[in-house]
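These are the residues of each chain, in order.
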Amino acid sequence: MTDKHLTMPDYPWFENSVLKRDDEGLARHAANYLATTTDEVSAERFLFGYLPVVVFAELLDQDAQPDLGSSLWMMHLSGYFGGRWLRGEIAAAQPQAMLVSFSLPPSQEAFNVPIARVTDLMAKANSTDADALAAAHKSLFDEPSSVEGAEPIRGLGDTFGYNAGYMLEILAAPPVGIAVPDRFQVTCSRLMSCDYASPKLAAIAKLRPIAEALDRGDAGYKELNNALQSIQSEGIVRGRAVWSTGLSVQGFGQVAYDQLLDVSSSFLETVEATALTMVSATVNANAAQARVGARAHSAMVVWLASYMAGLLNGEGTIEIPQLPS
């Protein structure tokens, strides 16, 4: 272990033309985290909370020119090890949980699914303005899966609702005897927008006028308002069900519970910012904004797929990257 690099356990990797390993960039982010954090230093907080926020902040900045391949690789790491971490915490708290007895090891076939989605998203974004705008609108809605009988490919509208419900449920039903820290409180009373006690992503504040116009159904926003209301509501129900009828945080200690709140709120902020960027691009016919939204959406696709790969992988000892000591 050095003062510049994380200690990195093995993680799923198959040759591809989308993700680009960037040890130097990751080390730079780790150094910035160590130099600026006011919390107790934690590899989990860095990789699952801090890193996604700084990566998405750059991806959502229209004036920035981020290295998308590097950003996607970092979200692959964050998602995969975040899923592994959560699986370990559930196993420790609830050894008899159904998840603990189930295992789906990573495979090249599964790895290739988000790679193909990102390739398609960015091809459309980098095509004509009309194609980029059409893709921005389409990203808000579910698409049927090409696999017969499979769940649809969830759009940003459902993804926001699902993750809002997920967050609200773990706030409403904390582990017995464990407090909910004030800084992690989240309330969601509008369409595609929540209020965060300690917001991390600057884009949320910048997009607030879009969220308010969408929620009111202002001129230009009414069609999307009508279409997204039920999608969000159904997503919230599904998200709440994850932690009320499937998984459980009971048995988590304060540190683990806080970490779950931290990563869940960070993900919810990134979904909100990405979705509202696509709403704004659609309503205002802003192709440049649609292209910015596409790169953030791509990072979200990778992050979520890698998280599920880590959560469902029951093989081997769970190891999490470590920061320099």
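Residues numbered from 1 in each chain as written. Predicted model: local features only at pLDDT ≥ 70, side-chain atom pairs only at ≥ 80, totals over all residues. Heavy atoms only, no water.

Section: the overall build of the chain
Filter applied, for reference: Strands are runs of DSSP state E lasting at least two residues, helices are runs of H or I lasting at least four, and both sets are numbered from the N terminus onward. With the radius of gyration taken over C-alpha atoms, the globule rule is written as 2.2 Å times the number of residues to the power 0.38. Note on definitions: a residue-residue contact is assigned when non-hydrogen atoms from the two residues lie within 4.5 Å. When charges are counted, Lys and Arg are positive and Asp and Glu negative, with His and the chain ends excluded. A charge is said to be at NZ when it belongs to Lys, at CZ for Arg, at CG for Asp and at CD for Glu.
Looking only at helices and strands, the chain features 11 helices and two strands. N-terminal to C-terminal, the α/β element order of the chain is α-α-α-α-α-α-β-β-α-α-α-α-α. In terms of overall size, the chain behaves like a compact globule, its C-alpha atoms giving a radius of gyration of 19 Å where 325 residues would be expected to give roughly 20 Å. Taking the intrachain contacts of the chain between residues at least 6 apart in sequence as the baseline, contacts between residues at least 24 apart amount to 77%. Of note, the chain has its 22 positive side-chain charges centred 3 Å away from the centre of its 37 negative side-chain charges.

What to know about the packing of helix α8 (residues 208-216) against helix α10 (residues 254-284)
We apply this condition: Whenever a helix is involved, its axis is fitted only over the stretch in contact; in every case the axis is a line through C-alpha atoms, and angles between N-to-C directions fall within 0 to 180 degrees. In this scheme, roughly parallel covers angles under 35 degrees and roughly antiparallel covers those over 145, while 65 to 115 is roughly perpendicular and the rest are oblique. For this classification, the nonpolar set comprises Ala, Val, Leu, Ile, Met, Phe, Trp, Tyr, Cys and Pro, the charged set comprises Asp, Glu, Lys and Arg, and every other residue, Gly included, is treated as polar.
It is at 10 Å that the axes of α8 and α10 come closest, and there the two elements cross at 70°. When the axes of α8 and α10 are compared, the pair comes out roughly perpendicular. Contact residues: I210, A211 and L214 in α8; L276, V279, S280 and N284 in α10. Considered class by class, the residues forming the contact of α8 with α10 number five nonpolar, two polar and no charged.

Digging into the side chain of H29
We count it as follows: Relative accessibility under 20% of the residue-type maximum defines a buried residue, over 50% an exposed one, and the middle range a partly exposed one, all with a 1.4 Å probe and only protein chains included.
Inspection of the secondary structure puts H29 in helix α1 (residues 23-36). Residue class for H29 comes out buried when judged on its relative accessible area of 14%.

Re the packing of aromatic side chains
Put simply, the rule reads: Stacked, tilted and edge-to-face pairs are distinguished by plane angle, under 30 degrees for stacked and over 60 for edge-to-face with tilted covering the rest, among Phe, Tyr and Trp rings (Trp via its six-membered ring) whose centres lie within 6.5 Å.
Summed over all chains, the structure comprises 13 aromatic pairs. Among the aromatic residues, those joined into a ring-pair cluster are Y11, W13, F14, Y80, F81 and F111.

Some remarks on the pairing of strand β1 (residues 186-190)
Where we set the bar: When DSSP finds two or more bridges between two strands, those strands count as paired.
Of the pairings in the sheet, the one linking β1 to strand β2 (residues 193-196) comprises three bridges and is antiparallel in character. If you follow V186 over to β2, its bridge partner there is Y196. In this antiparallel pair of consecutive strands, β1 and β2, the connection spans two residues, and M192 shows a positive phi of 60°.

A short note on α1
For clarity, the cut-off: Helix span is expected to be 1.5 Å times the residue number reduced by one.
Here α1 contains 14 residues, and its C-alpha end-to-end distance of 20 Å stays within 8% of the 20 Å for a straight helix at 1.5 Å per residue. For α1, the full list of buried residues reads G25, L26, A27, H29, A30 and Y33. Considering only its buried residues, α1 is in contact with α2 (43-59) and α3 (68-93).

Thoughts on the nonpolar core
Which entries qualify depends on this criterion: To define a nonpolar core, start from buried Ala, Val, Leu, Ile, Met, Phe, Trp, Tyr and Cys residues and group those joined through side-chain atoms within 4.5 Å.
Counting 97 residues, the largest nonpolar core has L86 and L260 as the members making the most contacts within it. Top element by residues in this core is α10. It accounts for 14 residues. Each residue touching L86, except ones within four places of it in the same chain, is listed here: Y166, W243, F252, L260, Y307 and L311.

Considering α8
Side chains of residues three or four places apart in an α-helix project in the same direction, reflecting 3.6 residues per turn. Here is the rule we go by: The arc refers to the directions leading from the helix axis to the C-beta atoms.
Considered for burial, the residues of α8 that qualify are I210, A211, A213 and L214. Along α8, the residues classed as buried sweep out an arc of 165° about the axis, all on the same side. Opposite the buried face of α8, by more than 90 degrees, sit the exposed residues P209 and R216. Looking one or two residues beyond α8, the residue adopting positive phi is G217, at roughly 75°.

Focus: the environment of V180
Note that V180 resides in the loop between α6 (156-172) and β1. Between the C-alpha atoms of V180 and Y257, which are 77 residues apart in sequence, the distance is 8.5 Å. Each residue touching V180, except ones within four places of it in the same chain, is listed here: L171, P174, Q185, Y257 and L261.

Observations regarding the pattern of salt bridges
Formally: Think of a salt bridge as a Lys or Arg side-chain nitrogen and an Asp or Glu carboxyl oxygen that are within 4 Å of each other.
Under the defined criterion, the tally for this structure stands at 16 salt bridges. Residues D67 and K20 are paired through a salt bridge, measuring 2.3 Å at the closest nitrogen-oxygen approach. Here D67 is found in the loop between α2 and α3, whereas its partner K20 is found in the segment before α1, with 47 residues between them in sequence. Given a relative accessible area of 40%, K20 falls into the partly exposed group. Between R291 and D129 there is a salt bridge, and its shortest N-O distance comes to 3.0 Å.

Let's talk about the state of the cysteines
Formally, a disulfide is one covalent bond, and it connects the sulfur atom of one cysteine to the sulfur atom of another. How we decide: Put simply, a disulfide is two cysteine sulfurs that come within 2.5 Å.
All told, the structure shown has one disulfide when counted by the stated rule. In this model, C188 is linked to C194 through a disulfide, with the two sulfur atoms separated by 2.1 Å. On the sign convention where negative means left-handed, the S-S torsion of about 100° between C188 and C194 marks this disulfide as right-handed. Residue C188 is classed as partly exposed on the basis of its relative accessible area of 22%. Take C194: its relative accessible area is 0%, and that puts it in the buried class.

Overview of the side chain of S70
Short version of the rule: Any pair of N or O atoms that falls within 3.5 Å is considered a polar contact. Within protein, one atom must be able to donate a hydrogen and the other to accept it, and sequence-neighbouring residues count only if both atoms are side-chain atoms.
On the secondary structure map, S70 appears in helix α3. Given the relative accessible area of 5%, S70 is considered buried. Among the polar contacts listed, one links the side chain of S70 to the side chain of D22, at a separation of 2.8 Å.

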